[in-house]
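Architecture at a glance
Here is how the chains run, residue by residue.
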Amino acid sequence: MLRKSLLVFASLLCSAGAGFAADLPTTKGPPAPVYAPPPAFSWTGFYVGVNAGAAFSNGGSLNIFDPTIPANYHVGLGSNVGFIGGGQAGFNYQVGAFVWGIETDIQGVTNGGSSFNVGPYGFLNLRTNNDGGWLGTTRGRLGYAIMDRTLLYATGGVAYGGIANDPFNNETNVGYTVGGGIEYAFDRHWTVKLEGLYVNLNAGSRTVNVVSGGVVYPVTFRNDEGGGIVRAGINYLF
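Residues numbered from 1 in each chain as written. Predicted model: local features only at pLDDT ≥ 70, side-chain atom pairs only at ≥ 80, totals over all residues. Heavy atoms only, no water.

**Description of the packing of aromatic side chains**
According to the stated counting rule, one finds seven aromatic pairs in the structure shown. Between Phe41 and Trp43 the ring centres are 5.2 Å apart and the planes differ by 85 degrees, which places this aromatic pair in the edge-to-face class. With centroids separated by 6.1 Å and ring planes inclined at 50 degrees, the aromatic side chains of Tyr176 and Tyr198 adopt a geometry described as tilted. With Tyr176 in strand β9 (residues 172-185) and Tyr198 in strand β10 (residues 190-200), the pair connects residues that are 22 residues apart, well separated along the chain. By relative accessible area, which is 37% here, Tyr176 ends up partly exposed. Taken together, Trp190, Tyr236 and Phe238 form an aromatic cluster joined through their ring pairs. Sitting over the face of the ring of Tyr153, Arg141 holds its NZ or CZ atom 4.4 Å from the ring centroid. (Phe/Tyr/Trp six-rings, centres within 6.5 Å; stacked < 30°, edge-to-face > 60°. Helix = DSSP H or I, 4+ residues; strand = E, 2+ residues; numbered from the N terminus. Buried < 20%, exposed > 50% of the residue type's maximum accessible area, 1.4 Å probe, protein only. Lys NZ or Arg CZ within 6 Å of the ring centre and 35° of its normal.)

**Observations concerning the environment of Phe83**
Inspection of the secondary structure assignment puts Phe83 in strand β4 (residues 79-95). Along the chain, Phe83 and Gln107 lie 24 residues apart, while their C-alpha atoms are 9.9 Å from each other. Look past the residues within four positions of Phe83 in its chain and what remains in contact with it is Ala52, Gly53, Gly108, Val109 and Thr110. (Contact = heavy atoms within 4.5 Å.)

Worth remembering: the numbers are spatial, not functional.
Pasting the structure below:
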């Protein structure tokens, strides 16, 4: 009987001690948070955007034949700088760090004009109006993604447009373009880019007859050296 009482008493002491220990403050901190890295950014998908920048072009040259002497006069038209702006759309596909894609854009171009006299006595006052026009490109893109969100790329393809250069050339021409750029994704859906392109529309030469003082002067305009574009843009990636 005494032995049984001692066993019951010991059991009660153990239960009380366990409860008391549970009530004591603990120095153990909360469990460490589990770090979940953000998902890697992907360039794959369709996108649309807008852009604006500057267009630089060689103004070309004129060869003017004076039948009264006869003589030829060569006039360089210098360089033109204008505004270019428009929109673009494209598709990217990413494999590892490499990004393949295709992009097409359509642009409006503004430019200026020049006026000058030709010949030893200024026999012909001629003004050319390079009032801009439109330009489009369809290009492939090949890029390399650095730290997911920065894309360095090269690009090239076909260029087409109608650049008004009265009175010589108001036709639509087809040529080529090459260039490159850098694009940065500052959000899951939004990217910004800076791009440079060389564009050559193969405008070739055009000849028109200009009448002055009853004399017909054949004037040949030539511009096949192309020009450059520097533009910034923003895209929305779907």
